[in-house]
Amino acid sequence: MSVMWELQDFDGHEAVHFFHDVKTGLRAIVALHSTHLGPGAGGTRFWHYENRETAVTDALRLSRGMSFKNAMAGLPMGGGKAVILADRHRTKTPEMLAAFGRMIDSLGGKYVTAEDVGMTAADMVALTKETKFVSGLPVKNSSEAGGDPGPFTAMGVYLGVKAAVKYKLGRDDMEDVHVAIQGVGSVGGGLARLLAKDGAKLSIADINKDHANGLASEIGAEVVGLDEIMRLEADVFSPNALGAILDKVSIAHLNTSIVAGGANNQLATPEDGQRIFDRDILFAPDYVINSGGIISVALEYLDSGDVEDVNNRVAMIPERLTKIWEESAVSKLPSAEVADNMAMKLIGRD
Ligand code: NAD
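Residues numbered from 1 in each chain as written. Predicted model: local features only at pLDDT ≥ 70, side-chain atom pairs only at ≥ 80, totals over all residues. Heavy atoms only, no water.

Novice: How should I be thinking about the packing of aromatic side chains in this particular structure?
Specialist: The description of two aromatic rings rests on the distance between their centres and on the angle between their planes. Taken as a whole and assessed by the stated rule, the structure comprises two aromatic pairs. Against the face of Trp 47 rests Arg 90, its NZ or CZ located 4.9 Å from the ring centre. For Lys 92, the ring lying beneath its charged end belongs to Phe 46, and the centroid distance is 5.0 Å. (Phe/Tyr/Trp six-rings, centres within 6.5 Å; stacked < 30°, edge-to-face > 60°. Lys NZ or Arg CZ within 6 Å of the ring centre and 35° of its normal.)

Novice: Can you help me understand the pattern of salt bridges in this one?
Specialist: Where side chains of opposite charge bring their charged atoms close, a pairing between them can arise. Considering all chains together, one arrives at twelve salt bridges under this definition. Of the charged contacts, one joins Lys 92 and Asp 123 as a salt bridge, the two residues approaching to 2.6 Å between their closest N and O atoms. Separated by 31 residues along the polypeptide, Lys 92 in the loop between β5 (78-85) and α2 (94-106) and Asp 123 in helix α3 (residues 121-127) bring together distant segments of the chain. The exposure class assigned to Lys 92 is partly exposed, which follows from its relative accessible area of 28%. The partner of Arg 193 in a salt bridge is Glu 218, and the shortest N-O contact between them spans 2.8 Å. Of this pair, Arg 193 sits in helix α5 (residues 186-197) while Glu 218 sits in helix α6 (residues 209-219); the two residues are 25 residues apart in sequence, bridging distant segments of the chain. Assessed through its relative accessible area of 38%, Arg 193 is described here as partly exposed. For Glu 218, a relative accessible area of 49% corresponds to the partly exposed category. Salt bridges here are not isolated pairs; linked through shared partners, they connect Arg 45, Asp 58, Lys 81 and Asp 116. (Salt bridge = Lys/Arg side-chain N within 4 Å of Asp/Glu carboxyl O. Helix = DSSP H or I, 4+ residues; strand = E, 2+ residues; numbered from the N terminus. Buried < 20%, exposed > 50% of the residue type's maximum accessible area, 1.4 Å probe, protein only.)

Novice: Honestly, the nonpolar core in this entry has me stumped. Any pointers?
Specialist: Looking at soluble globular proteins, one finds that nonpolar side chains tend to be buried together. Counting 60 residues, the largest nonpolar core has Val 161, Ile 181, Leu 195 and Leu 202 as the members making the most contacts within it. With eight residues, the single largest contributor to this core is helix α4 (residues 150-169). (Core = buried A, V, L, I, M, F, W, Y, C linked by side-chain atoms within 4.5 Å.)

Novice: What should I look at first to understand the environment of Glu 218 in this one?
Specialist: Along the chain, Glu 218 and Val 139 lie 79 residues apart, while their C-alpha atoms are 28 Å from each other. One polar contact links Glu 218 to Arg 193, side chain to side chain, over a distance of 2.8 Å. (Polar contact = N/O pair within 3.5 Å; in protein donor to acceptor, adjacent residues only side chain to side chain.)

Novice: Whenever I open this one, the site of the ligand confuses me. Can you help?
Specialist: For the ligand, the set of nearby residues contains 21 residues, the closest of which are Thr 153, Ser 186, Val 187, Asp 206 and Ala 241. One of the backbone N or O atoms of Ile 207 is found 3.4 Å from a nitrogen atom in the ligand. Contact distances for the ligand include 3.0 Å between an oxygen atom and a side-chain N or O atom of Asn 264. Calculation on the ligand without its partners gives an accessible area of 830 Å², and the protein chains cover 73% of this total. At the level of secondary structure, the elements contributing two or more residues to the shell around the ligand comprise α4 and α5. Here the shell around the ligand is composed, by residue class, of eight nonpolar, eleven polar and two charged. (Near = heavy atom within 4 Å. Areas by Shrake-Rupley, 256 points an atom, 1.4 Å probe, with all protein chains shown as cover. Nonpolar A, V, L, I, M, F, W, Y, C, P; charged D, E, K, R; others polar.)

Novice: Just checking my understanding: could you explain the packing of helix α1 (residues 52-72) against helix α13 (residues 335-346) for this structure?
Specialist: The axes of two packed helices give the description: the angle between them and the distance between them. Two elements in contact, α1 and α13, have axes separated by 9 Å at closest approach and are oriented at 80°. By the angle class used here, α1 and α13 are roughly perpendicular. Taking contact as the criterion, the partners of Phe 68, Ala 71 and Met 72 in α1 are, on α13, Ala 339, Asp 340, Met 342, Ala 343, Met 344 and Leu 346. A class-by-class count of the residues in the contact of α1 with α13 yields eight nonpolar, no polar and one charged. (Axes fitted to C-alpha atoms, helices over the stretch in contact; angles between N-to-C directions. Parallel < 35°, antiparallel > 145°, perpendicular 65-115°, else oblique. Contact = heavy atoms within 4.5 Å.)

Structure, rendered in structure tokens:
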């Protein structure tokens, strides 16, 4: 492997920590991209990586994304991310989690963790036995900030989709606006339910067919094939499953005038932002539209607001997106690039 600083995804990261606990076999990486605005905040991903290089790349990319996401959400938090290199069977033991908690604690608060793919709310609770630098814990009453970030993310994406429809199609309502949703889990499912209440026409696709069929009959959506969802003729394509789905080939086949969804890192490469722009498709930068969850997690960690404060901040997502689209229209730069430039300025890297 090349020296860290020479890696393609290394972007002035302040520190990258490699941890190994011999007793439990735990191997983890904590990447801190920027602590300019506050402690590096971002979830822990528990994943079986094909090789170590992919795990490093994931930590570098995701931590940079968190710097941008937190900055654009107006939070006093920097960007960090942890990845745990799981074995093929994704073995996770209490001893391993405890060792991981001690590793986070050894960073003295420079990194604050939360849930991400492969980790659960119960895992977060387990980590609190070893460290206080953890968020996304169960709430004691419904007015407290915190708990499952999914519904807050879904609400932000819903408001962002409506803002995109207003900006691009000049529509103030969602009646019969056709939205194609890829992935109807925590975020996509929440989005679908909110849009259904507004009378939107919904097409959905999910690898979990039972889940998709159940939701479709609950809200009156149509289930379409996994290959079909990204090519469907609709008003909005909303990715809420995987990252890196927007590439040269898929962008050429998009049949909507808007792409707005909650999945992280939707663009496969920076050039894909330009490709979407060249096709005159309005793109909602993912880390701006999907910041609802981190807003909740951050306010919980900082103990600086209740659920009403979280909702008020989530309600500002449309304004942020509109500012990006307006600037993109004036500068003729892709919205993804405009957002990156804004975020870089906020973290003192312009
Ligand atoms: P989830 O696991 O609850 O839902 C994801 C859904 O996508 C599942 O139902 C899964 O079956 C489906 N899926 C997976 N691969 C698919 C494919 N190829 N085609 C169609 N469906 C597929 O996860 P989530 O919490 O809803 O997160 C969804 C996305 O949003 C992820 O990219 C995540 O990183 C991002 N995100 C989530 C949050 C949050 O608060 N949960 C916050 C920010 C970003």
